[in-house]
Amino acid sequence: MSDPVRVLRDVLDDLRDEGEQLDRLVAPLEPEQWSRATPAPRWTVAHQIAHLAWTDDIAVRAATGPEDFAAHVAEAASAPGTFVDEGAEAGVAAHAPGELLARWRDGRARVLDVLRDTAPGTRIPWYGPPMSPASLATARLMETWAHGQDVADALGAVREPTGRLRHVARIGVRARDYAFAARGMAPPPEPFRVELVAPDGHTVWAFGPEDADQRVSGAALDFCLLVTRRAHRADLGLRATGPDADRWLGIAQAFAGPAGAGRPPKGAAR
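Procedures and definitions
- Residues numbered from 1 in each chain as written.
- Predicted model: local features only at pLDDT ≥ 70, side-chain atom pairs only at ≥ 80, totals over all residues.
- Heavy atoms only, no water.
- 1 Å grid on protein atoms, 1.4 Å probe; cavity = no way out; pocket = protein on both sides within 12 Å on 5 of 7 lines; lining within 4 Å.
- Points joined across faces, edges and corners; volume = space filled by probe spheres on them.
- Helix = DSSP H or I, 4+ residues; strand = E, 2+ residues; numbered from the N terminus.
- Salt bridge = Lys/Arg side-chain N within 4 Å of Asp/Glu carboxyl O.
- Buried < 20%, exposed > 50% of the residue type's maximum accessible area, 1.4 Å probe, protein only.

A.B. asks: Looking at this model, I keep getting lost on empty space enclosed by the protein. Mind explaining?
C.D. replies: A water-sized probe, rolled over the atoms, reveals where empty space remains. Under the definition given, this model contains one cavity of 30 Å³ or more. There is about 60 Å³ of room inside the largest cavity. Secondary-structure elements contributing two or more residues to the lining of the largest cavity are helix H1 (4-26), helix H5 (97-116) and helix H6 (133-155). For the lining of the largest cavity, the element with the highest residue contribution is H5, accounting for three residues.

A.B. asks: Which parts of the structure should I look at to understand the pattern of salt bridges?
C.D. replies: Under the counting rule described, the total for this entry stands at 22 salt bridges. In this structure, the salt-bridge partner of Arg159 is Glu18, at a minimum N-O distance of 3.9 Å. One end of the pair, Arg159, is in the loop between H6 and helix H7 (165-174); the other, Glu18, is in helix H1, with 141 residues separating them in the sequence. This pair shows no difference in class: Arg159 is buried, exactly as Glu18 is. Taking the shortest distance from any N to any O, the salt bridge between Asp150 and Arg263 comes out at 2.6 Å. Within this pair, whereas Asp150 is found in helix H6, its partner Arg263 is found in the segment after helix H10 (243-251), the two being separated by 113 residues in sequence. For Asp150, a relative accessible area of 2% puts it in the buried group. For Arg263, a relative accessible area of 17% corresponds to the buried category. Through salt bridges with shared partners, a single ionic network connects Asp150, Asp153, Arg230 and Arg263.

Right, dumping it as structure tokens:
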């Protein structure tokens, strides 16, 4: 059985490293580069970092003040389609790039400190079901990686995939039923088998029973791009066996809330 203290420590180390990788990408940018458009409609590089800083602040509030977080959720419920955009826009409006970077760095450090000091069995409220500290840290890593992809695409940068993608892949697999339910579809009753080739080119990350009829396979990077909706399925090398698995690849998402339009295929007319 896994040691929950070690699991939390390991995922916090990976969350720290994921943030540092993105930090190295944005820290050298000139102020005008922070205004560069990213693939997310109406979001610049600055919006991406402002969003991460805003969400880190919300995570700290959830872990340290559940009542305060509940009030935030009630306020967000009054504008479910816009509150995330409003949070990012407020950050951009209030902070110059250097200040925004400092705010994000401070927020990242606070998340690490707070979650490290939270007992592994604690249930922290979030927008979906409550999560353990390790699960919340994993969710923060997933979001940091996904928004980092937006920034990299805006800058024309190619990031080297790492073993930290296993966290993103795991969330994507675990969110299978949510992806169906979010679209008013009944989740398939049987589990799927997902086999992904890790960034090292030979390790296979496997999820689900070996004898499952419905299966998904391919590169872990492709799967992570798909479930974070950072690439269109048509541009990825994922393979589905079975109609339910095939349907899932068309709707998969690793995050709560509306899926959004997602990325168009690269060959689509702009």
